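Structural features, examined
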Amino acid sequence: MSVTLTGPAVSPHADSAGLRTAFAVATGVSLLPFALALAGHPVGSGWTAFAIAFVPFVVFAMLYIWATYRDTHPGIKNDDITRGHFTGRRTAGVLLGVVLTGLYTVLYFQGEWLQPVFALTDPLSQLLRDRPADQWFLYGFLYTLAVLIMGARMFWRYRHNRYQLFRTASVMFFQLGFAFLLPAFLLAMQQPEFYFTYFWPLKPDYLYPSYWAWLWQQPGGVGAFMLMFGVAASFVLTPILTFYFGKRWYCSWVCGCGGLAETAGDPFRHLSSKKYAAWRFERWSIHSVLVIITALTIWLWVGEGEAVQTGKKWYGYAVGMVLSGIVGVGFYPLLGSRVWCRFFCPMAAILGIGQRFFSRFRITTNGDQCMACGNCSAYCEMGIDVRAYAMQGKNIVRASCVGCGICSAVCPRGVLKLENGKTYADRYDGAQNPLATLLRSLKNP
Amino acid sequence: MFGRKTGGRHVVIIGNGIAGVTTARAVRARDKKCRITLISGESLHFFSRPALMYIYMGHLTERNTRPFEEWFWKKTRIERLQAWVKFIDVDAKRVDFAGDTASLTYDQLVIATGSKPNKFGWPGQDLERVQGMCTLQDLANLEAISDDIEHGVIVGGGLIGVELAEMLHSRGKRVTMLAREKNYWDNALPEAEAALVGRVIRKGGIDLRLATELDRIEDDGEGRACAVHTKDGERLPCQFVGLTAGVSPNLSALEGSKIPTGRGVLCDFSLRTQVPDVYAAGDCVEFVTPEGERNVVEQLWYTGEMHGEVLGRVMCGEEAVYDRGIWFNSAKFLDLEWHTYGEVPPAGRETPDHQMLLWQPDDADLAFRLVLKQGRLVGVNSMGIRYRHKVCERWIADGLGAEQVLERLPEGNFDPEFYRRYEPAIVRAFREQLR
C-alpha cells in the first residue's frame, strides 16, 4: 500500500497570508505621520512632509491589495465577506463606522482642528490651486485618493469583467479629472470652482439665484457658460441620457458619491437592507428630499427674507452634511455603501423617476435559469430584492437601480444582464403608457 | 374534484424545498380559502438549497438564502411546521410526527421530501466525518469539524462534488476528488467539455483523480474517518470524506405507509400517486412510464419548480400534465459557467444521427457546441459564454437549420455589455466544419 500526499499545494491563501498581514501592518504604520502632525510634530516640511505622509501609505495600501489578489484566478472573490472583520458588521466594522462619522463631523463642524493635517497638502494645493490648503482641499484629495486606490482594487478584483473595468475607469477618471483637478485649475485661473459632474439638485447651489448672480458677474463669460451648462445638465442632458441608458450613466459612471461607493464602498455592498420595509422607507424619504429641495429652490427665486435663507442653511446642514457625508459615508460598514444614494439623494430621485417610467434600460433575466441562491439580492448595494424578479423571469425595472452590474457579475447561473432595449415600452406591463403608470403609482404609493 | 367552492380543505405538504413551496403557492393562487401546512424537519424556513455552498464560503448569510421574508407567509396564509414525519396513515388521512408534535389530518397530502446522498455500501461510509452536502444539518456538521480538516477527500464527480470541493478549498483545505469516470462528469457532458471542466478544476488547485474508485474508508479507531483507500491501493489520509456520488429520492417519511414506491414515489405525469388524495413533487418523484421505457426521476431545482406548478393546478381540479419541455440546465464549475439547452449527448452517447459543431479556443477556458439532428438544431451547450434560454429554446422548437442558427447566433449571447464577443469566430469555425 502506497502513501501519497502529492496533490498540488492548494491552500489558496497560504502564500499570501503573511504578505497581506505585513502590508496591512505597514499601511497602518504609514498613518503615523498624520498622528505626529496632529500632535504638533510634523515630519519635515513642504514636499518632504507631503511625501512622508502620503507615499508610504499609498504604496503599502497598493501592495496589500496586490498581495490579496496576486495568486487568485479571475472570477468572483467573495470568500469570507460575511465573516470579515470590517465587512461582517463586527467590532472592527463598527469602529470604522465610528471613525468615519467622527471624521466627517470634525470636517464639517470643526474643520480648523484638521489644520496640522491639511497643512501637509499645502504644496500640492499651491501647485494646483495657487493658494494654501484648507480642510476642503484635504477632503477632496483624500476622497480622490480613496477612489483611485480602491478603484485599482476593483481592477484586480473584477479583472474578468469588462463592464466593471470600464465603469471603474470611468468613475476614477471623473473623480480625478472633473471633481479634483479641474476645479483646482479653475481656482488657479481665478475662475469659479465649478464641478461639471455635479448638477442641481445634488448640488443645489447651481440653480440658486444668488449663485447665478455671482456666476453672471464673473469676467470672461466663463461663469455664464457654467450657469448655462448647469441648466442644460439638469434639464436636457439628464433626461436624454437617462432615457437611453438609465440612471447608471450618472450614478455608477460619473457621480463622485457613486464613485466612492463603487470603489471604497465595494467591500460593503452586501450590508444594505433588503427588507420590504426598507424599500417603503426609501420611497418616502428620497422623494421627500426631492420635494423639499424643489420647493426651496422655487422659494429662493420668488421669495426673500430671513425664513428662506434659514431654510437654505438648514438644508445645507441636514442634507449636505449629515445625510450625504456623516451618514452617507460614515455608515458604509453598517448599512452598505449607498445609504445616501438610496434614501436621500434628490438627484437619484429624479434619475429614478426617469429610469422607472421613461427609459429603455432594464435588467433582463435569463428564462427559468434562476435557482434563488440570493447572491444578486445580497450584493445589490441599493437593497433591491433582485432575486424576487429573477425567480419569476421578470425584468428588473426599479427606480433605485444604479446599474452597477454586480448582480449580473455574482450570479452563478448567468441569469442577469443589464440592457438598453430598442424601446422603453417592452419592459413591463404598463411601460407603454409611462405617464398613466406614473400617475397610478402616485395614487397608490 | 376540488374547486373554489370546497373551501376549508387542509392541504398538507411534507417538505419545504422548492417543489413543496411552489406547490403551496400554486394552490394558494387558485384557492384562497383552503388551509395549507408546509412541514419540514430540517428548517422552518424555505431556503435555496443550491446556495448552501455560499453560506460556508462566506458569500451569503443563511438569511440571504431565504427568498421570502416572514410577512410573505402571513400574507399567503401558508402555515409552517418544523417537525420530522414519523408515519403517514393514508386510511385515516393523518400524519404523525416524532417527538411531541401533535398529529395532523389532511384532505390532500403532498410528498415533496427531496433527495438524499447515494451510498453504495462502501466500508466505512457511516463513520463520523463522512457525509454528503444536501441539508442544513450537513452544513452544520461540516462547519463544526471544519477547523480540524486539513485534507478532504470527495467521492463522486458530479455537481455537488465540485461544489463541495470549492467550499473546502475556499477555506484553505487541501482537496482530492475521486471520480469513477474517464473525464469529469462525462455521463452528462460531451468529452471535450468534460475534459475542459477537469482542467478548470485542477487549475483551481483541486487534486482531481479520474478513473479512480473508492474502496473503503478507514476508521481511526474512534469511529472517525481518517483515510480513504482507493481501488488502486492508494491510501489518502484525510479528516473529511464527502460522499457526492449522486442522490436518490428520500423516502424515509414514507416508511410503513401504504404509498407505493419504487426508486421514488410512484406517480403519473399529473403527479398523482397510486393513493387517492396523495400527490408528490420534486426529487422524490418517480414517474411511471409506459411499458418498455425506464421510469424517470428528475433531481433538479428547475424540475422541482415545474412539478410544483403542475401539481398546484392538478390539486385545484385543473387538467394538467407535466411536460418538462425542452431541457435546460446550468451550473458553475469554480469560475466556469455552463448553460445547456435541448439535447446534448454526453460522451460516448452520440449516435450517427448527431452532427456536432464544436468551437474551443486554445487560449481561453471556453467551449461552444451546437448539436444537430438531420440538419436541424436539437441542442446548445455553452461553457464560459452566457446564452439566452428563451432564444435557444425557440431555435430548437423551430428546428432551425445550421445556417439559420449561425445567422442568428449573436441574438443568443447573454454576456454582460463590453464583453468580448466570440460569435464571429464561432460562426467562422462552424462554417468551416460544415463544409
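Residues numbered from 1 in each chain as written. Chains lettered and ligands numbered in written order. Predicted model: local features only at pLDDT ≥ 70, side-chain atom pairs only at ≥ 80, totals over all residues.

Focus on the overall build of chain B
Under the convention used in this document: Numbering goes from the N terminus for both helices and strands, where a helix is a DSSP run of H or I of at least four residues and a strand is a run of E of at least two. Here the radius of gyration uses the C-alpha set of atoms, whereas the globule reference equals 2.2 Å times the residue count to the power 0.38. Three classes are used. A residue is buried when 20 or more other C-beta atoms lie within 10 Å of its own, exposed when 12 or fewer do, and partly exposed in between, with C-beta atoms placed from the backbone. The contact criterion used is a C-beta to C-beta distance within 7 Å, with each C-beta placed from the backbone.
Per the secondary structure count, chain B includes ten helices and 25 strands. Expected size for 435 residues packed as a compact globule is a radius of gyration near 22 Å; at 23 Å, chain B falls within 12% of this value. Its C-alpha atoms put chain B at 65 × 60 × 45 Å along the principal axes. With 435 residues in all, chain B has 48% of them scored as buried. At a minimum sequence separation of 6, the contacts of chain B that also span at least 24 residues come to 63%.

Focus: the overall build of chain A
Each helix and strand in chain A was counted, giving 21 helices and three strands. For a compact globule of 445 residues, the expected C-alpha radius of gyration is about 22 Å, and chain A comes in at 23 Å, within 12% of that figure. With respect to the principal axes defined by its C-alpha atoms, chain A has extents near 95 × 65 × 35 Å. For chain A, with 445 residues in total, the buried portion stands at 43%. For chain A, long-range pairs separated by at least 24 residues make up 72% of all intrachain contacts whose partners lie at least 6 apart in sequence.

Notes on the interface of chain A and chain B
For clarity, the threshold we go by: Any residue outside Ala, Val, Leu, Ile, Met, Phe, Trp, Tyr, Cys, Pro, Asp, Glu, Lys and Arg is labelled polar, Gly included; the first ten of those are nonpolar and the last four are charged.
Every contact between the two is made by 45 residues of chain A and, on the other side, 44 residues of chain B. Of all the elements in the fold, those that place two or more residues in the side of chain A that touches chain B are strand E1 (2–3), helix H8 (162–188), helix H18 (375–378), helix H19 (386–392) and strand E3 (416–420) of chain A. With three residues, H8 of chain A is the largest single contributor of residues to the side of chain A that touches chain B. Of the residues contributing to the side of chain A that touches chain B, the split by class is 18 nonpolar, 18 polar and nine charged.

As for the domain arrangement of chain B
Residues and elements named next belong to chain B. Threshold: Domain extents, as shown, originate in an automatic or database domain assignment.
Here chain B is partitioned into domain 1 (4–116 + 248–315), domain 2 (130–245) and domain 3 (328–434). One C-alpha centre belongs to domain 2, the other to domain 3; they are set 30 Å apart. Across the boundary between the two partners, domain 2 contributes 18 residues, which contact 15 residues of domain 3. Elements supplying a minimum of two residues to the side of domain 2 that touches domain 3: helix H5 (159–170) and helix H6 (191–203). It is H6 that provides the largest number of residues to the side of domain 2 that touches domain 3, a total of eight residues. Considering only residue class, the side of domain 2 that touches domain 3 consists of eleven nonpolar, three polar and four charged.

Regarding the domain arrangement of chain A
Residues and elements named next belong to chain A. Under the domain assignment used here, chain A contains domain 1 (12–73), domain 2 (88–356) and domain 3 (357–443). Computed over C-alpha atoms, the centres of domain 2 and domain 3 are 26 Å apart. Tallying the contact residues gives 36 residues for domain 2 and 25 residues for domain 3. Every element with two or more residues in the side of domain 2 that touches domain 3 is listed here: H8, helix H10 (222–245), helix H11 (248–251), helix H12 (256–263), helix H13 (276–302), helix H16 (339–343) and helix H17 (346–357). When residues of the side of domain 2 that touches domain 3 are assigned to their parent elements, the largest contribution, five residues, is made by H17. Its residues assigned to classes, the side of domain 2 that touches domain 3 shows eleven nonpolar, 15 polar and ten charged.

Focus on the packing of helix H7 (residues 135–157) of chain A against H12 of chain A
Residues and elements named next belong to chain A. Worth spelling out the cut-off: Axis geometry follows a simple rule: fit a line to the C-alpha atoms, using only the stretch in contact for helices, then measure angles between N-to-C directions, giving values from 0 to 180 degrees. Working definition: roughly parallel below 35 degrees, roughly antiparallel above 145 degrees, roughly perpendicular at 65 to 115 degrees, and oblique for all remaining angles. By convention the crossing between two helices is left-handed if the near helix lies anticlockwise of the far one by an angle smaller than a right angle, and right-handed if it lies clockwise.
The geometry of H7 relative to H12 is characterised by a closest axis approach of 8 Å and an angle of 45° between their N-to-C directions. On the basis of the axis angle, H7 is oblique to H12. Regarding H7 and H12, the two cross each other, and that crossing is left-handed. Here Tyr143, Ala146, Val147, Met150, Gly151 and Met154 of H7 come into contact with H12, specifically with Gly259, Leu260 and Thr263. Grouping the constituent residues of the contact of H7 with H12 by class yields six nonpolar, three polar and no charged.

Thoughts on the packing of H10 of chain A against H17 of chain A
All names here are of chain A. Closest axis-to-axis distance for the H10/H17 pair is 9 Å, and the angle between their directions is 40°. When the axis of H10 is compared with that of H17, the two are oblique. In terms of crossing hand, the pair formed by H10 and H17 is right-handed. Residues Thr238, Pro239, Thr242 and Phe243 of H10 form the contact with H17, whose participating residues are Ile350, Leu351, Gly354 and Gln355. When grouped by side-chain class, the residues that make up the contact of H10 with H17 number four nonpolar, four polar and no charged.

A look at the sheet that holds strand E4 (residues 85–89) of chain B
Residues and elements named next belong to chain B. What counts is decided by this rule: Strands are treated as partners if at least two bridges between them are detected by DSSP.
Taken in spatial order, the three strands of this open sheet run E4-E5-E6, and their pairing is antiparallel. Strands with a single pairing partner mark the edges of an open sheet, and in this sheet they are E4 and strand E6 (104–105). Pairing between strand E5 (residues 94–97) and E6: two bridges, direction antiparallel. For Val95, the partnering residue across the bridge sits in E6 and is Leu104.

Quick look at H12 of chain A
Residue and element names in this part refer to chain A. Judged by how many residues are buried, H12 sits mostly within the fold: eight of eight residues are covered. Within H12 the residues assigned to the buried category are Gly256, Cys257, Gly258, Gly259, Leu260, Ala261, Glu262 and Thr263. Buried positions along H12 lie against H7, H8, H11, helix H14 (306–327) and H16.

Things to note about the sheet that holds strand E2 (residues 35–40) of chain B
Residue and element names in this part refer to chain B. If you trace the five strands from one edge of the open sheet to the other, you get E3-E2-E1-E7-E19, paired in parallel fashion. Among the strands making up the open sheet, the edge pair consists of strand E3 (78–82) and strand E19 (278–280). Taking each pair of neighbouring strands and ignoring which way they run, the sheet shows an average axis angle of 20°. Packed onto the sheet, helix H1 (residues 18–30) meets strand E1 (10–14), E2, E3 and strand E7 (108–111) and runs at close to 175° relative to E2.

Notes on the confidence of the model for chain B
Close inspection of predicted coordinates is inappropriate for parts of the model with low pLDDT. All names here are of chain B. Short version of the rule: Values of pLDDT, ranging from 0 to 100, describe the predictor's confidence in every residue of the model.
Across chain B, the average pLDDT comes to 96, with 98% of residues at or above 70. Segment residues 1–6 is flagged for pLDDT under 50; beyond a separation of four residues in sequence, or across chains, it makes seven contacts in the model. The complex model carries a pTM of 0.95, and its ipTM stands at 0.95.

Here's the deal with unusual backbone geometry
Glycine aside, a negative phi is what most residues show, and trans is what most peptide bonds show. Residue and element names in this part refer to chain A. Note that the residue after Trp200, namely Pro201, is joined by a cis bond; omega there is 5°. Among the secondary structure elements, Pro201 is positioned in the loop between H8 and helix H9 (209–217). With a phi close to 70°, Asp80 is a non-glycine residue in the positive phi region. By the secondary structure assignment, Asp80 is in the loop between helix H3 (46–69) and helix H4 (91–109). For Asp80, a count of 16 C-beta atoms within 10 Å puts it in the partly exposed group.

Details of the pairing of strand E14 (residues 225–230) of chain B
Residue and element names in this part refer to chain B. Here five bridges tie strand E13 (residues 214–219) to E14, and the two strands are oriented antiparallel to one another. Across the sheet, the residue bridging to Ile217 is Val228, located in E14. In terms of strand pairing, E14 meets strand E15 (residues 234–237) through three bridges, oriented antiparallel. When the bridges of E15 are listed, His229 appears paired with Arg235.

A short note on H6 of chain B
Residues and elements named next belong to chain B. Convention followed: In this scheme, a helix's expected span is set at 1.5 Å multiplied by one less than its residue total.
For H6, with 13 residues, the first-to-last C-alpha span of 18 Å sits near the 18 Å given by 1.5 Å per residue. For H6, the full list of buried residues reads Glu193, Ala194, Leu196, Val197, Gly198, Val200 and Ile201. Among the structural elements, H5, strand E12 (207–209), strand E21 (328–333), strand E22 (336–342), strand E24 (367–373) and strand E25 (376–383) are those in contact with the buried residues of H6.

Brief notes about the environment of Ala372 of chain A
Residues and elements named next belong to chain A. Inspection of the secondary structure assignment puts Ala372 in the loop between strand E2 (361–365) and H18. Of the residues examined, Ala372 has 25 C-beta atoms within 10 Å and is grouped as buried. C-alpha separation for the pair Ala372 and Tyr108, spaced 264 residues apart in sequence, amounts to 44 Å.

Quick word on the environment of Asn187 of chain B
By secondary structure assignment, the location of Asn187 of chain B is in the loop between strand E11 (174–178) and H6. For Asn187 of chain B and Ala165 of chain B, which are 22 residues apart along the polypeptide, the C-alpha to C-alpha distance reads 19 Å.

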